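What follows is the residue order along each chain.
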Amino acid sequence: MTQNDGTHPFATAALATPAAGAPFEAVRLPRRALRDDDVLIDIAYAGICHSDIHTVRDEWGPAHYPMTPGHEIAGTVAAVGSAVTRHKVGDRVGVGCLVDSCGECAQCKDGFEQFCEKPSVGTYNSPDYFGEVTQGGYAQQIVVSERMVLRIPEGIDLDVAAPLLCAGITTYSPLKRWGAGPGRTVGVVGVGGLGHMAVKLAAAMGAEVTTISRSDAKAEDAKALGATRHLATSEEGALKAARSSFDLIINTVSADLDMKQYVRLLRPHGALINVGLPPGDLAVAPGSLIIGNKVIGGSNIGGIPETQEMLDFCAEHGIGATIETIDASDPKAVDEAYDRVVDGDVRYRVVIDTATITPA
Ligand code: NAP
Ligand code: ZN
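Small disclaimer: the values here were computed from a predicted structure and weren't measured. (Residues numbered from 1 in each chain as written. Chains lettered and ligands numbered in written order. Predicted model: local features only at pLDDT ≥ 70, side-chain atom pairs only at ≥ 80, totals over all residues. Heavy atoms only, no water.)

A. Layout of the nonpolar core. Counting residues in each nonpolar core, the largest one holds 65 residues, and the members touching the most others are I41, L175, V186, L201 and L248. Top contributing element to this core by residue count: helix α5 (residues 193-204), with six residues. Membership of the second largest hydrophobic core comes to 21 residues, among which are A46, I53, Y138 and V341. (Core = buried A, V, L, I, M, F, W, Y, C linked by side-chain atoms within 4.5 Å. Buried < 20%, exposed > 50% of the residue type's maximum accessible area, 1.4 Å probe, protein only. Helix = DSSP H or I, 4+ residues; strand = E, 2+ residues; numbered from the N terminus.)

B. Representation of the side chain of T123 within the structure. Relative to the helices and strands, T123 resides in the loop between β7 (121-122) and β8 (141-145). According to the relative accessible area criterion, T123 is buried, its value standing at 2%. Separated by 3.2 Å, the side chain of T123 and the backbone nitrogen of L98 make a polar contact. Look past the residues within four positions of T123 in its chain and what remains in contact with it is G70, H71, I73, V95, G96, C97, L98, V99, T134, Q135, G136 and I142. (Polar contact = N/O pair within 3.5 Å; in protein donor to acceptor, adjacent residues only side chain to side chain. Contact = heavy atoms within 4.5 Å.)

C. Seen up close, the environment of F130. Its place among the elements puts F130 in the loop between β7 and β8. Along the sequence, F130 and E113 sit 17 residues apart, while their C-alpha atoms lie 18 Å from each other. With near-sequence residues (within four places) excluded, F130 lies in contact with R35 and D100.

D. Representation of the layout of surface pockets in the model. Taken as a whole, the second largest pocket encloses approximately 500 Å³ of empty space. Lining the second largest pocket are 23 residues, with R32, D128, E132, V133 and T134 sitting closest to its centre. Secondary-structure elements contributing two or more residues to the lining of the second largest pocket are β2 (25-31), β6 (98-100) and β8. No other element matches the four residues that β8 contributes to the lining of the second largest pocket. By residue class, the composition of the lining of the second largest pocket is ten nonpolar, four polar and nine charged. (1 Å grid on protein atoms, 1.4 Å probe; cavity = no way out; pocket = protein on both sides within 12 Å on 5 of 7 lines; lining within 4 Å. Points joined across faces, edges and corners; volume = space filled by probe spheres on them. Nonpolar A, V, L, I, M, F, W, Y, C, P; charged D, E, K, R; others polar.)

Spelled out as structure tokens, the structure:
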């Protein structure tokens, strides 16, 4: 347990990559002294999101190095600033993709801090309001403004809670907005970190869920996660047979897909919502949307109030992520995990046990 009370700047054990594509190293990462509204968190677990990989590998640009990624953070409060009222030492807490926002613009006031007009500050690789670039959660401690810190309800273990902070909210938000529930059919494209959460959440909301994956390799798992049907796109005619069968499709795939094929799977008035963030463009003919009043859209993480709502929903329904925990005492374990994520080989989210990070 830390003795750090946050009154002075300090360094925490962390994993950092010095340049695009370079292996991770264990380092001592500087963190600021607590401001009045700050919370110091002892991080227990940090999930590996595919966005970390896109960012670290400089697929999105501009990336700042050295970089400590990580925006699926779960731990406990170790110290609080003098004006903190929402959290106290010992509380189980999480941090997702946001560590600051202005708190005053229309978007912040409406609970959409991710669209803050100032703009919002991401958990890593993001310029903050004080001239620094943020560093994320592959670390043992982090300092975050209390407004961006979520309560992790009792009943969700911290390891399976960590991925909820990005994969959970990113899928909960569009499922809720576009009406996943009883009597509605939901297709989830890509059964990875986000996809497996979409299946669990949509099933818990009462929708009938179909997984759409490249092969049958995840078919059994998909049923256990809550899907009633699994389609393998590698099978000739599988998508054709599913035409006009979904009210909502959540596309979580991290690579470019032929959108035309997926728009055809929608029923009239259906929506195809992209959360996967590959670098390419979407191409659909307007007519394919007009015939059937179809919608193609996107969804970006979720604001703080909705993220808390999602965590409470997960606690109520007994939902956590399905995870593989890794020991990072050799930082190569993280590089290897990245390759496995890209290969679609993870079941279904890798979580770093941050206690194992050991700088020389
Ligand atoms: P992930 O764990 O790697 O899952 C992606 C899944 O996509 C894979 O499991 C695989 O599913 C499928 N896939 C991968 N390559 C494919 C290909 N070439 N063709 C077809 N399917 C392929 O990644 P994740 O962490 O869930 O993230 C998914 C995407 O969402 C990333 O682009 C990430 O940056 C983005 N993201 C967006 C937001 C947001 O706010 N919108 C938030 C977080 C992440 P199967 O094996 O089942 O085919
Ligand atoms: Zn993420």
